[in-house]
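Structural features, examined
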Amino acid sequence: IHVCVTDKDKPFALDFAHTADREFEFMTSKFGQPESPILNLVELPDDAVSATWAPEIVAIGGSRIAAHNAQRLISNTIAHQWWGSEISPATLNDAWITNGMSRYAELMYLEDSAGKTAFQSAITDVSAGALAYDTIPLSSLGRDDPFSPQFQSMTLEKGAMVFHMLRWEMGDDAFTQFLRGLLSQYTDKSIRSSDVQTVAEAQSHLELTPFFSQWIDGTGAPAFGDKYTVFRLGNNKGFRTVGAITQDLDLFRMPVELRIETDGKTEIKRIVVSGNESQYSVETFGRPRQISIDPENWLLKSTPDLAVRVAVLRGQEEVAQCDLTAALIEYQKALDANKDSSLASYRIGE
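Residues numbered from 1 in each chain as written. Predicted model: local features only at pLDDT ≥ 70, side-chain atom pairs only at ≥ 80, totals over all residues. Heavy atoms only, no water.

Observations regarding the packing of helix 5 (residues 116–132) against helix 10 (residues 304–320)
Packing of helix 5 against helix 10 brings their axes to within 9 Å, and their N-to-C directions diverge by 65°. It follows from the interaxial angle that helix 5 and helix 10 lie roughly perpendicular. Crossing of helix 5 over helix 10 shows right-handed handedness. Note on element contacts: helix 10 touches helix 5 through Leu306, Arg309, Val310, Leu313 and Arg314, opposite Thr124, Asp125, Ser127, Ala128, Gly129, Leu131 and Ala132. Classifying every residue of the contact of helix 5 with helix 10 by side-chain character gives six nonpolar, three polar and three charged. (Axes fitted to C-alpha atoms, helices over the stretch in contact; angles between N-to-C directions. Helix = DSSP H or I, 4+ residues; strand = E, 2+ residues; numbered from the N terminus. Parallel < 35°, antiparallel > 145°, perpendicular 65-115°, else oblique. Left-handed = near helix turned anticlockwise from the far one by under 90°. Contact = heavy atoms within 4.5 Å. Nonpolar A, V, L, I, M, F, W, Y, C, P; charged D, E, K, R; others polar.)

Remarks on the nonpolar core
Trp83, Tyr104 and Phe178 are the most contacted members of the largest nonpolar core, which totals 88 residues. When near neighbours in sequence (up to four residues on either side) are disregarded, Trp83 contacts Phe31, Thr98, Met101, Ser102, Leu179, Leu182 and Leu183. Among the nonpolar cores identified, the runner-up in size contains eight residues, and Val312, Ala334, Leu335 and Ala344 belong to it. (Core = buried A, V, L, I, M, F, W, Y, C linked by side-chain atoms within 4.5 Å. Buried < 20%, exposed > 50% of the residue type's maximum accessible area, 1.4 Å probe, protein only.)

A few points about the side chain of Lys301
One can find Lys301 in the loop between strand 12 (288–293) and helix 10. A polar contact is formed between the side chain of Lys301 and the side chain of Asn297, at a distance of 2.9 Å. Setting aside its immediate chain neighbours within four residues, Lys301 contacts Leu131, Ala221, Pro222, Phe224, Ile293, Asp294 and Leu306. (Polar contact = N/O pair within 3.5 Å; in protein donor to acceptor, adjacent residues only side chain to side chain.)

So, the environment of Ile216
In this fold, Ile216 is placed in the loop between helix 9 (209–215) and strand 7 (225–232). In this structure Ile216 comes out as buried when scored by relative accessible area, which is 2%. For the pair Ile216 and Phe151, spaced 65 residues apart in sequence, the C-alpha separation works out to 14 Å. Look past the residues within four positions of Ile216 in its chain and what remains in contact with it is Trp96, Pro137, Leu138, Ser139, Val162 and Ser193.

Observations regarding the layout of surface pockets
Over the atoms, a rolling probe the size of a water molecule traces out where space has been left empty. Here the largest pocket defines a volume of roughly 1200 Å³. Asn76, Arg103, Gln152, Leu156 and Glu157 are, among the 41 residues lining the largest pocket, the residues nearest its centre. Listing elements by their share of the lining of the largest pocket, those giving two or more residues are strand 3 (51–54), helix 3 (71–79), helix 4 (95–114), helix 5, helix 6 (149–170) and helix 10. The greatest single-element share of the lining of the largest pocket, amounting to seven residues, is contributed by helix 10. (1 Å grid on protein atoms, 1.4 Å probe; cavity = no way out; pocket = protein on both sides within 12 Å on 5 of 7 lines; lining within 4 Å. Points joined across faces, edges and corners; volume = space filled by probe spheres on them.)

Observations concerning the sheet that holds strand 8 (residues 239–246)
Spatially, the three strands line up as an open sheet ordered 7-8-11, and their pairing is antiparallel. Two strands bound the open sheet, and with one partner strand each, they are strand 7 and strand 11 (277–284). In this sheet, adjacent strand axes meet at a mean angle of 15° when their direction is disregarded. In this sheet, strand 8 lies alongside strand 7 in antiparallel orientation, the contact comprising eight bridges. Counterpart to Phe231 in the pairing with strand 8 is Arg240. (Pairing = 2+ DSSP bridges.)

In structure tokens:
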């Protein structure tokens, strides 16, 4: 690792190098050896972009280095040594593969270094970004300006959520082998969405056409509901919860985690949800107190809380584009979703 910084940022160079070293080693353990073992860490002028990359180069804005808040930005940029340098998208319609996996590599390192709580919080933010402009399928994004908020949000955030959901459906071990398989089979080659599906199916032995049809060729996210009845079993044998998970996408098919919290042991069950309603039956010794669908946020889904986050995020994007009228409309949508949203109220006042 070589570090190139200006005189004013020399005091921060060693921390910069140590952070990059830890992240580079983590990603090597997950993705395999990169094409080059050399990494040049370069400071960018403060009035340039916040980060950029090239083979063997990770360039970060000087103000971010000095502020000690660039850990995630550095990890995302380093991830491009695999996802961008080693393989690249065949077309702009396939840009979600490298952009999304670089974002998800950033989150994987966050999970490893900061723990599950920080990871879950980041997933919630990424989910909001994934739904903020979800009106065009990932497979058709090539018609958009690659520097537009929609293209960036979809390829980065929704792309990351596609890999997050694949990890849930495949399991951690198969997911790691899938990532390594993509990199080894397509080194120095272009890659398409169909190639991702082929490798994922080969590594997981799952039929993933419904998954890719929903998340790559479709738009929107399911809004889950739960209707159930609890029965007491005889002879002091506990309780049986009989219910159905509902959702509003006709072609949706994925495993969903159901958590039933009781007076005693918490029961967790994996249920394949297909179509608008999927039945389940779970027996517990203690009386069920709360039932949660996808409590670990493995799936991209529509919720009232996320609707507020999406509207606020879109409003902030409009402010960045200097369209304050459009921003006010988005912030009002957030208040319509939750009239007590202090952030939406603050943004309107601002």
